[in-house]
Structure formats: C-alpha cells, structure tokens
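Architecture at a glance
Listed here are the chains, written in short residue letters.
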2 protein chains.
Amino acid sequence: MSGAFIAVDWGTTNRRAYHVEQGSVIATERDGLGVLSVRAAGFPTEVAALRTRFGPLPVIMAGMVGSNRGWHDAGYVACPATVETIAAAVVQPEEAVWITPGVHIDAPERADVMRGEEVQLLGAVAAGLAPGDALLCQPGTHNKWATLQQGAIVDFTTAMTGELFGLLKDHALIGSEMAGAVDADASFRAGVDASAEADLLATLFGVRAASVLGKRAPGEAAAYVSGLLVGYDCRARLREPGQTVYLLADGLLARLYRAAVTIVGGKAVMVDSQASFVAGITQIRNFMS
Amino acid sequence: MSGAFIAVDWGTTNRRAYHVEQGSVIATERDGLGVLSVRAAGFPTEVAALRTRFGPLPVIMAGMVGSNRGWHDAGYVACPATVETIAAAVVQPEEAVWITPGVHIDAPERADVMRGEEVQLLGAVAAGLAPGDALLCQPGTHNKWATLQQGAIVDFTTAMTGELFGLLKDHALIGSEMAGAVDADASFRAGVDASAEADLLATLFGVRAASVLGKRAPGEAAAYVSGLLVGYDCRARLREPGQTVYLLADGLLARLYRAAVTIVGGKAVMVDSQASFVAGITQIRNFMS
C-alpha cells in the first residue's frame, strides 16, 4: 500500500496521531485519550473523529489499542520480528482500519511482551537513526531493551524500572525520604555507582538507614534511588565494555539513561522516538498487502 | 543486676511482654499496642499497666520504643556489638525503667540500622541455640542478616524483601496476578530457581508477560514472586556452599526461608526467637550496672 494515511500510536494513557504523506508528517496531535479512557464500543467514533480532523484516510494503529483492553486483540508475532512479519499479521477491526500486532518471547524459560515499542525500534533502523545491528533502549514505566540484528528484533527484555521507582516513592517506607527532585546530578551518579553491588533489596533499605543516621541530605534520596534502579537496569543489560546503546527517549529520562549508560562503561546515542515511529509505521504500511 | 523483671519487646505494631524470674518466663502476653498506637506521653501509663498485671518489677525494653517515634531515643551502639556494650548504653526514661540501644553500621560506604533484633541475635547464642560464630537471619518486612563472631554482632545487612513483596502485591501492575496463596510449594521453588538470574527488574516483569501469554496458572504468581524475592535475598547473603543459616522464624516465613536456603545450597537451622529474646534481655540485665 502507499499514499497518505493516519498513523496512531495508541497507548494506555496517551495517544499520538500523525497525518503521514509520502513518509512525511503533515500534521500531528497528542492527547490523553489512551485506551483506558475509551469504552470498548467507542473506538469507531474516535477513529471517525480523527478522520474529521485529518481527512478520510486509511488508519494504521499500534500500541495498547491492539491489546485485550483495547479495541481488538492483535496478538503477537515472534522474534525475529521485522516490518514484513508485522505487516503480514495486522488485524482489521473495520474497513480501512488496521492494528499492528505486538512482539513476544514465549520460550520455556522466559516470557516477555511488547506492544507498540516494536514500531519505534524497527523504525529507528528504517529511518537510518540506528544501525541494523544494535542494542536499543526505550526508558519508561516498563523499560524495553531490544537487540536488533540485520534490522530484525531478535531478542528483548522488559525491566519494571520506572514502575518500581514509582512504587517506592508512593508507597514504601523510604518513600518519605524521596521527596526531592530527580535529575542526572551527583546523588543520581552515587546511586548508579552503588548499583554495582547487585544487592538491590539491601541497597534500597540503606536509603532508610542513611536517613536515620543523618548521612544523606534531605532531598537527595529520590535521585539516589533513581540512580540505583537505572544503574542496576543498565548493568544487567550492558555486557560488553564500550557497548553503544541507542536511546529512544527525550527530556529527563534521556538525561538519566545517558548518564547511567556512560557511568557503567557504555556509550549512549540519542534517537528521535517520534521520527522512528513514523518511519516504522510507514514501512509496515508499505509491506501491507 | 539480678532478680525478677519485666522484659518488653516493643515493636512498631506489636508488643510482647514477659515476666522473667531467674531466666525463666513466668508469664507472657502479646498485644497490638505497638509504638505507633501509643501517644508520646502515654508510655508511663502503659508501663504502669504492665506492672499491675506482672508485679512492681524493674522493666527492660527493646525495639522501636527506643526510636525517635517511641518513648525515648536510645541511640545505637557500633559493631562489634555485645550484651556488654548494649548493657553499658541503656537509657533510663524513668525510675526502674530501661531501654536498650539499637546497633548501627555507619561506614563511609554503607549504613545500616537495627533496633530490637540485636537482643534476639545475641540471645540465640546466650541460650545455646546458635554458636558464637554464625550467620543468623530474621525474616520479615525488613529482613536482618547478621554475622556473629565470638558471640558479637560484627556485621549485618537489612534487605527490604518483605516490604517489597507487599508493595508489589498491593500496588504493582503484577499485583493483580498475585492473588493466590504463598507457601513453599512448586511455584515458590520455581521463583527461587529464577532468582539465579540476578536481574530482578526483568524477572518481575516476566510475571506479567507469563500471565498475558497464559504460561502460568492463576494463583501461582504470588508464590513465584515470593520465591523470586526470598531466593534473591538468600543468594546475596550465602557466599559459601553448604553455609549454615540460623533462622529466627516460625510459621510460613520459616518454611519459605528454610526452602530457599536449601535450594541455593545452604543449610537451615531453626531457632526459637522468643526463647532467644528472653535469653538476650536476661544477659543484658545481668551486665547492667
């Protein structure tokens, strides 16, 4: 297929839509209308509303809209996953609307799933922003780390780094110490250093002990815990000294992961995740029959 | 000092009191009157009430009653900590009432604290339930692992194993999968096995992936996550094959830790924690001037 279309990155809590013409973005909009905000029967109406604004175009969607909490379960393709295998497995909930599948690992010893991130990962290569053989990272609530070979997703790991930080801050005993701001500062770097201990359950309690003993200034614990978790995550993934990580991130998460990757001995290269998504979904569309 | 006395193990949410005479328990009672349930000015009244029931005896207390949220901050003694150093540092908030200090590690690279557990640890040795050179473990919300040499606490580590389990169950995305019962069953053992990965952030998300892909029966995830955390905790602490761990625990926690210690290659010996507390506080009293 070719020609103009509407691409939608439809997540759990947010949605971003693009009017794409000949691989370029003519218009884009972002809103908080994630799948949790839409009734099961409400998706056709929402798609009609997108067409009112962007034109009566084909719509190709990725992300949680294809989960069992979304519009229509689009299933998963296995690794190695490519734009071709994903294009061949799209589902069509109504005329001129397609949802791309996720990617899963379903081995006896290990299970993992992604839904939406695969479009950015494959798109980063399609857009020439990352090489076909690379380690890519998408920081977030559930961090994705993906190994690409010859442009295919051959393996990936999800780490609940961001979710655990939120749980500790909001609900743990040490949460009362985690009121300060987080950035890639000296406290964050101290946490990344401490993550070398590989003893997360103990280093986390150390935050409480340091507070009780007056060893850490108030306001520093949040950045330290962030460094501890992000550092632990990066150390588990970077197995070779000097390894390059392509980071699909911006803002604070980009700063934190760039700092942590560097401290643990890697090299960080920033990649534009929106440009990657558009390149990925355009490639998938090109391969759709 | 010698003669009959009232010993109180006064924790955050629970309290246990013993009428001790010549090293034997004449009477004991347990209630939910932890320090969080007592107003700062209410402690003298509570002690008077204990004397009404047990007799007009000296009172020696350990635990969170000696913290800044308790009756009177009893501070900490450093490692190596013994019944002698603790007895020499008791504080006396009113006549014939003493509170024992906690134990801390306050090194440049590491901080840790305990308050109350030290009495059980030293008492296990005093009662002959553990040798003077031993690794002891007190499972709980904040697990204590202590190394004793010649009957002194020379090092210890706190792991937030129990607290993290509760946080995940009550607040994490995978919490919705953790509805089943926990015991030292096949699911728990599978979690202990998986903890060898030393990649906690990823193995925890694997619980979600396994659920989405239908790889784990409903009701098995809670025991699996428990095994993952307890196994990770034990592996971080047991550094020698065949190492013996003296477990101050009973009931479910005793079953879980005994199973995990055994799976990771150690040997578990159960120790009566109440008998240890009474022996420890009696020894401390003997050394008080």
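Provided above is the structure to which this section pertains.
Fair warning: this is a prediction, and the values are worked out from it, not measured in the lab.

Moving on, we get to the pairing of strand 4 (residues 59-63) of chain A. Residue and element names in this part refer to chain A. With five of five residues buried, strand 4 lies mostly within the body of the structure. Going residue by residue along strand 4, you find Val59, Met61 and Gly63 tucked away on one face and Ile60 and Ala62 tucked away on the opposite face as well. Note that strand 1 (residues 5-10) and strand 4 share five bridges and pair parallel. Along strand 4, the bridge assignment pairs Val8 with Met61. The sheet contact formed by strand 4 and strand 7 (residues 97-99) spans three bridges and is parallel. Note that in strand 7 the partner of Val59 across the bridge is Val97.

This brings us to the interface of chain B and chain A. Contact residues are listed per partner, giving 44 residues for chain B and 44 residues for chain A. Roughly 3400 Å² of surface becomes buried between chain B and chain A when both sides are summed, with 68% attributable to carbon and sulfur atoms. On the chain B side of the interface with chain A, the three residues burying the most area are Met160(B), Leu201(B) and Phe205(B), jointly 21% of the side's total. For the interface between chain B and chain A, the tally reads four salt bridges. For Arg237(A), the salt bridge identified is with Asp199(B), shortest N-O distance 2.6 Å. Linking chain B with chain A are 14 residue pairs in polar contact (both at pLDDT 80 or more), by the criterion used here.

Screw-axis analysis of chain B against chain A gives a translation of 0.0 Å along the axis, an RMSD of 0.0 Å, and a rotation angle of 180°. What we have between these two chains is a two-fold relation. When C-alpha positions in chain B are compared against the rotation axis, the closest is assigned to Leu167(B), at 3.4 Å. Interface overlap between copies is the fraction of interface residues in one copy that are interface residues in the other; for chain B against chain A it reaches 100%, indicating a shared surface.

Another aspect to go through is the pattern of salt bridges. Taken as a whole and judged by the stated rule, the model has 18 salt bridges over all chains. Salt-bridge contacts for Arg110(B) lead to Asp155(B); the nearest nitrogen and oxygen are separated by 2.7 Å. With Arg110(B) in strand 9 (residues 110-114) and Asp155(B) in strand 12 (residues 152-159), this residue pair connects regions lying 45 residues apart in the sequence. Judged by its relative accessible area of 30%, Arg110(B) falls in the partly exposed class. A salt bridge links Glu177(B) to Arg208(B), with the nearest nitrogen and oxygen atoms 2.7 Å apart. On the criterion of sequence distance, the pair formed by Glu177(B) in the loop between helix 4 (161-171) and helix 5 (186-194) and Arg208(B) in helix 6 (residues 200-212) is long-range, its members being 31 residues apart. Because the salt bridges share partners, they merge into one network encompassing Asp199(A), Asp233(B) and Arg237(B).

What follows covers helix 3 (residues 117-126) of chain B. The buried fraction of helix 3 of chain B amounts to seven of the 10 residues, a majority that puts the element mostly inside the structure. Where helix 3 of chain B terminates, the next one or two residues include Gly128(B), which has phi positive at roughly 75°.

About the criteria used
- Residues numbered from 1 in each chain as written.
- Chains lettered and ligands numbered in written order.
- Predicted model: local features only at pLDDT ≥ 70, side-chain atom pairs only at ≥ 80, totals over all residues.
- Heavy atoms only, no water.
- Buried < 20%, exposed > 50% of the residue type's maximum accessible area, 1.4 Å probe, protein only.
- Helix = DSSP H or I, 4+ residues; strand = E, 2+ residues; numbered from the N terminus.
- Pairing = 2+ DSSP bridges.
- Contact = heavy atoms within 4.5 Å.
- Buried area = accessible area lost by both parts, 1.4 Å probe.
- Salt bridge = Lys/Arg side-chain N within 4 Å of Asp/Glu carboxyl O.
- Polar contact = N/O pair within 3.5 Å; in protein donor to acceptor, adjacent residues only side chain to side chain.
- Least-squares fit on C-alpha atoms with pLDDT ≥ 70 in both.

Everything listed here is a matter of coordinates, which is why it stays silent on function.
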